[in-house]
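Understanding the architecture of this molecule
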Amino acid sequence: MDQRNAQSLDLRPHNSMKSPCDKETCLDNIKTPKDIKDSPWTERWYSQLQASLRLAGLPLTMDRTKEPRTGFTLSDVTVCILGSPSTCLSILLGGANLCPGSILLCLSPSWLYKIPSKMKPGENTLLLQKAVMFDLGGRSYLDNFDPPRRVTYFYTTSWSSHEECLPGLVALMSDLECPTGGSESLSQLLHNKLVTRLLLDNVGVVVPPTLAFTYKQAHTASSHVFTVEVSQKEGEENLLQEEIQNFLQSQGMHSVRQVAVEATSPRWSERCTATYHPSCDFPGILLAVKALLQKLEKGESILLEAVCSPLPVVRAPAMETPAAFQRSLSPKLDLAVWICAVVCRSQGDRPQLSKVICSAGRADKPLVHETSVPQTLETTLQLWGITDETQVKAIHQKVVDKAEDALRAVIEMEKSLSLEQRGGRRAQTDVIGVDFVLTCVDQAITPVALGVNSHLCLRSCGVFDTMNCLNVSAACAGAESASSLLIQTMVKRSQCYIMEGKEVLVIGAAGISKKYIWESARDYGIKIHLIESDPNHFAASIVHNFIHYDMTDHKQDEAHAQWILKMVRDCKMHLDGCVAFWHDCTILAALVCEQLGLRSNSVSAILLSNKKSRTHLSLLNCKDSAFSTTIASYALPSYQVKSHTNIEKVSSCVAYPCVMKLEFGSGGIGVHMVENKEQCHQHYKNISSKMKEERDCPGIGLSYGNAMVLVEYVSGSEHDVDIIIYDGQLMGAFVSDNGPTRVPDFNETAACMPTFLPADKEAQLVMAAYQCCLSCGLVDGVFNVEFKMMPTGPKLIEINPRIAGYFLRHWILEIYGEDIMLANLMVACSVPPLMPVRRARPCTHLVGILCVHPLHQQVLRTSLKTLQALHERGVIRMTILFDGNVAVDFAELYCCVACVGETRDKACLQLISICRVLGIDTMEYPVPYFISEFK
């Protein structure tokens, strides 16, 4: 039985529903602005907000309505939350830290209105003309917006808690083009306890034994939920008697001492109708069922369910109580452990637990959300004598697994609904709360799911977060907020909505490893105009518009740019952005952006970053920054080599061993360790004879020439930093680790993410990448920066002024839920990609091995279908990198085979096993050695 039958705060103006927040001691000297008194609940919600802010130790809301806010654009994130401030406050305050001024509290439906959408015929754009805006530090302002702000995401807690405003709200929210976190119809399903009880039982979440009498509507029974349809209110006594007796005598009810009877449907969700009866009190149970039956409407149900026995308390032997104190001792009560779990929908419709809190209450009384005092699971279990760390972790993991299973079931159910049943094209449930009680099942401590709710658990977790923010010495004060994941989901869905319909010119299609770009852009609703030299490129059938133009000779980039500009004008393209994902096309894209006035880095910045010797020289000579000394420390002595004469000159300036590579190269082709001057001459001769022009090895930068660069070799672990910068501001960064390379050609072998470095070393890499990019003039875009980490700090290998290749985008998306490809398109379209700067350490680890052509050619020929099957089953993550163009005498990466695990060690062990079985691990290619640094 859901003994947390939380009576949501009734916001209707009844005198009998006085809240503690209405007391003068709490709201003393608070003046309500005159222009928000447009409805009784608006004034009440505003007063409740001020009380919540005061109790959280935050300043009261400042009224700025006399000076309307201006300057907002269609690229701004506007998350509108309509509902009780006590429920939403943690979301609002958390959102202010991620994106100040973007998550707004609406206190009345009258502050919103809609107009016909220009993008989607038949749908409506939602506009917000007044709201409470939250800023850093918890400051809040009551603002008017002129012009009104376009809502990019809508969320409300009012579907079930405020019947008076519901009819107008339903009309307002119909046919919206913006994403919504739920709808009236989805809320009705979520608050129908029978529907969710059946849903949970069918996916293996333990629920109490339940008997449901459904009035004029049939439901399919499940393992522990039995359903009986009742067609009339009179004359069904024999049926009721028989079914109740059978249920009470069933196997699952043998040890049950108490049962509860309650009515359930969306209409009953906010009412406390439950009555409690000893399981032996058959007449009383029957009488309660018959009484509720008279009140049912078609489609509603009566639930008769077991009240779970409380977890027995494990007490240490007590000392004998002195006689003088025996009278003063209170009787010991049976307590129950109530668990509240908040689960959010994350990237790819993946359920992810956000927070678990507990309350302890009397086992003989239902616990109400609003009146319970939240605490951690660890603290609560200590009261029951459960202190073993392993046991506590096991209980916590059970709660995590079952709570995520609950949301997974809700997500799958929603996929089967029609648009009308969901309540709109973009309506979906993004967060649920799951109530559990801890009990013993077959002598094992088991969380039993009592029910699902839309916002009550979120409110309780918000209270917990507020309490621990005030207690700066609390051990859990630094823990992530319960609303953090929900805020990220709100912002991501907002940004996808903003980007839908954007038109982006992409220069260069690249190979098979970039196929995901065209497919993902199509799925995001972004229109790609792709210019490509190969008329038969596979991307032609995927992108919105394919344009063939031969631009292989990048020495003619200025002429190519003029042709592209003329084509854009002739075709009357309305471009929002222009970008290149292919290394060779970055300079051309910068030239085009410069002429079209689109956001990009300067041509000189791209040239500086592409030319490796100039990159290091620029950092060494950095003088315009307060951090110039630090920035210079990242660089390595580098010398350009255009002839054998250059080698003679620079050999006296360098300390061997050195690394010799193509000045404009990419993909690791042509990189070689040289230990003396003679080896320099030999490698230069080898490269200059075999790689003279673009057609010798397409796509590695030979169209800019085959000059080389000599860089001093440094030892240390190798790392990649994928960094997002917008208008010079750091928006996000992701660090990955590389395994030892195969010398002398420095072929990449393995990688892992997240990094194994300690937090301070990771921060060093992020700051080094950020400072190096800014020093080179890279202020807008997504960049891949490679480093060696030495004991003295990071040393730059090179900057790639474009998005990372290979598998990194997919790994970042899976581990962190952030799409750097989408972020790249957003920057190009002048849409700031909002990401959490501080994120919790992820619980997913990826470790991968790179398969090389021709070394693994035979193995892949025989095992490729097996690898693909393992990928489809989710056992491995395989990324195909090879497109058929292999440089003579140089190894080419064919694919990456990766394994995922809760820990890095588990992922490593699984990867080693798979590589041994398939023959990827050999004496010549020792996989355990390549990933040994990751353990």
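Residue positions are counted from 1 within each chain, in the order its sequence is given. Only residues with pLDDT of 70 or above have their local features reported here, since the model is predicted, and side-chain atom pairs are shown and tallied only from 80 upward, although totals for entire chains, interfaces and linings are computed over all residues. Calculated side-chain values reflect all of the structure's heavy atoms, with hydrogen atoms and water omitted.

Considering the overall build of the protein
Under the DSSP-based scheme used, a helix requires at least four consecutive residues in state H or I and a strand at least two consecutive residues in state E, with every element numbered from the N terminus. Assigned secondary structure in the protein consists of 28 helices and 34 strands. Think of it in three bands: residues with accessible area under 20% of the maximum for their type are buried, residues over 50% are exposed, and the middle band is partly exposed, with areas taken using a 1.4 Å probe on protein chains only. The 935 residues of the protein split such that 58% are buried. Taking the intrachain contacts of the protein between residues at least 6 apart in sequence as the baseline, contacts between residues at least 24 apart amount to 68%. Where accessible areas are quoted, they stem from the Shrake-Rupley method and a 1.4 Å probe; at the residue level, only the protein chains shown are allowed to cover. Put simply, the protein shows about 39600 Å² of open surface, and 52% of that area lies on carbon and sulfur atoms. Note on contacts: a residue pair qualifies if any of its non-hydrogen atoms lie within 4.5 Å across the two residues.

A few points about the confidence of the model for the protein
Residue-level pLDDT values for the protein average 86, and 88% of them are 70 or greater. pLDDT gives the predictor's per-residue confidence on a scale running from 0 to 100. A low-confidence stretch, residues 1-26 stays under pLDDT 50, and its non-local contacts, those more than four residues away or across chains, total 79 contacts. Below a pLDDT of 50 lies the segment residues 472-478, which in the model reaches seven contacts outside its immediate sequence neighbourhood of four places, other chains included.

Some remarks on the pattern of salt bridges
Salt-bridge detection follows one rule: a side-chain nitrogen of Lys or Arg within 4 Å of a carboxyl oxygen of Asp or Glu. Across all of its chains, the model carries 28 salt bridges by this definition. Here Glu-389 makes a salt bridge to Lys-393, at a shortest N to O gap of 3.4 Å. Placement of the pair is Glu-389 and Lys-393 together in helix H11 (residues 389-415), with a separation of four residues, close to one helical turn. Take Glu-389 and Lys-393: they sit in the same class, and that class is exposed.

Description of the sheet that holds strand E25 (residues 672-674)
Between any two strands, at least two bridges found by DSSP are needed for them to pair. As summarised here, the arrangement of the four strands in space is E23-E26-E24-E25, forming an open sheet in which the pairing is antiparallel. Because the sheet does not close on itself, it has two edges, and the strands there are strand E23 (638-641) and E25. Strand-to-strand twist of the sheet, defined as the mean angle between neighbouring strand axes without regard to direction, takes the value 30 degrees. Strands E23, strand E24 (658-662) and strand E26 (708-712) of the sheet are contacted by helix H19 (residues 612-620), whose axis makes an angle of about 150 degrees with E23. Axis definition: a line fitted to C-alpha atoms, limited for helices to the stretch in contact. Angles are taken between N-to-C directions and run from 0 to 180 degrees. Running at roughly 150 degrees to E25, helix H22 (residues 677-690) makes contact with E23, E24, E25 and E26 of the sheet.

Focus on the nonpolar core
For soluble globular proteins, nonpolar side chains are generally found buried alongside one another. Ranked by size, the top nonpolar core spans 140 residues in total, and within it Trp-518 and Ile-849 carry the most contacts. Ignoring anything within four residues of it in the chain, the contact list for Ile-849 reads Thr-749, Ala-750, Cys-895, Cys-896, Val-897, Leu-911, Cys-915, Ile-920, Tyr-925, Val-927 and Phe-930. Note on terminology: a nonpolar core comprises buried Ala, Val, Leu, Ile, Met, Phe, Trp, Tyr and Cys residues joined through side-chain atoms within 4.5 Å. Of all hydrophobic cores here, the second largest spans 56 residues; its members include Leu-565, Leu-575, Cys-585 and Leu-591.

What to know about the environment of Ser-628
Within the secondary structure, Ser-628 sits in helix H20 (residues 628-634). For Ser-628, a relative accessible area of 16% gives the class buried. For the pair Ser-628 and Gln-771, spaced 143 residues apart in the sequence, the C-alpha separation amounts to 9.3 Å.

What to know about helix H7 (residues 237-248)
Taking 1.5 Å per residue, twelve residues should reach 16 Å; H7 reaches 16 Å between its end C-alpha atoms and fits that length. Of all the positions in H7, only Leu-240, Ile-244, Phe-247 and Leu-248 are classed as buried. For H7, the angular spread of the buried residues around the axis is 90 degrees, confining them to a single face. In this structure, the buried residues of H7 make contact with strand E9 (210-215), strand E10 (225-230), strand E11 (258-264), helix H8 (282-293) and strand E13 (301-306). An expected span of 1.5 Å times one less than the residue number is assigned to each helix. Directions from the helix axis toward the C-beta atoms define the arc.

Details of the pairing of strand E5 (residues 124-134)
Of all the eleven residues making up E5, ten are buried; the element is thus mostly covered by neighbouring parts of the structure. With two bridges connecting them, strand E3 (residues 103-106) and E5 associate as antiparallel partners. Bridge pairing in E5 links Leu-105 to Val-132. For strand E4 (residues 112-116) and E5, the ladder comprises five bridges, and the chain directions are antiparallel. Paired with Leu-112 across the strands is Leu-128, a residue of E5.

Brief notes about the packing of aromatic side chains
Any two of the Phe, Tyr and Trp rings considered here, Trp counted by its six-membered ring, make a pair once their centres fall within 6.5 Å; the pair's planes then place it as stacked at under 30 degrees, edge-to-face at over 60, or tilted in between. Inspection of the entire model under this criterion finds eleven aromatic pairs. With a centroid separation of 6.2 Å and an interplanar angle of 40 degrees, the aromatic rings of Phe-756 and Phe-934 are classed as tilted. On the criterion of sequence distance, the pair formed by Phe-756 in the loop between strand E29 (750-753) and helix H23 (759-775) and Phe-934 in the segment after helix H28 (927-930) is long-range, its members being 178 residues apart. Ring-pair connections join several aromatic residues into one group, and the members of that group are Tyr-806, Phe-807 and Trp-811. One cation-aromatic arrangement involves Arg-64 over Tyr-141; the distance from NZ or CZ to the ring centre is 3.8 Å. If you follow Arg-149 out to its NZ or CZ, it ends over the ring of Phe-72, 3.9 Å from the centre. For a Lys NZ or an Arg CZ to count as sitting over a ring, it must be within 6 Å of the ring centre and within 35 degrees of the ring normal.

Considering the packing of helix H16 (residues 557-570) against helix H17 (residues 586-596)
Closest axis-to-axis distance for the H16/H17 pair is 9 Å, and the angle between their directions is 50 degrees. Between H16 and H17, the angle falls in the class oblique. The handedness of the crossing between H16 and H17 is right-handed. On the side of H16, the interface is formed by Asp-557, Glu-558, His-560, Ala-561, Ile-564, Leu-565 and Val-568, while H17 contributes Ile-587, Leu-588, Leu-591, Val-592, Gln-595 and Leu-596. Classification convention: Asp, Glu, Lys, Arg as charged; Ala, Val, Leu, Ile, Met, Phe, Trp, Tyr, Cys, Pro as nonpolar; all other residues, Gly among them, as polar. Its residues assigned to classes, the contact of H16 with H17 comprises nine nonpolar, two polar and two charged. We call two directions roughly parallel when the angle between them is under 35 degrees, roughly antiparallel when it is over 145, roughly perpendicular when it lies between 65 and 115, and oblique otherwise. Note: crossing handedness is left-handed where the near helix turns anticlockwise from the far helix by less than a right angle, and right-handed where it turns clockwise.

Considerations on the sheet that holds E10
Adjacent strands of a sheet pair through backbone hydrogen bonds, lying either parallel or antiparallel. On the basis of which strands lie adjacent, the open sheet formed by five strands has the order E10-E9-E13-E11-E12 and mixed pairing. Each having just a single partner strand, E10 and strand E12 (275-278) make up the two edges of the open sheet. Taken pair by pair, the neighbouring strands of this sheet meet at an average axis angle of 20 degrees, ignoring direction. Pairing of E9 with E13 involves five bridges; the strand directions are antiparallel.

So, helix H24 (residues 808-816)
Taking burial as the measure, the nine residues of H24 include eight buried ones, the bulk of the element. When we look at burial in H24, the residues that qualify are Leu-808, Arg-809, Trp-811, Ile-812, Leu-813, Glu-814, Ile-815 and Tyr-816. Gly-817 sits one or two positions beyond H24 and adopts a positive phi of about 75 degrees.

Side note on the environment of Leu-292
Note on placement: Leu-292 falls in helix H8. Along the chain, Leu-292 and Thr-273 lie 19 residues apart, while their C-alpha atoms are 8.7 Å from each other. Leu-292 has contacts with Val-261, Glu-262, Ala-263 and Ile-302, leaving out every residue within four places of it along the chain.

Considerations on the environment of Val-259
Of note, Val-259 is situated in strand E11. Accessibility expressed as a relative area gives 0% for Val-259, which makes it buried. Remark: the alpha-carbon pair of Val-259 and Glu-305, spanning 46 residues in sequence, is separated by 5.5 Å. Contacts of Val-259, omitting those with residues within four sequence positions, involve Leu-248, Met-253, Thr-275, Tyr-276, His-277, Ser-279, Ile-285, Leu-304, Glu-305, Ala-306 and Val-307.

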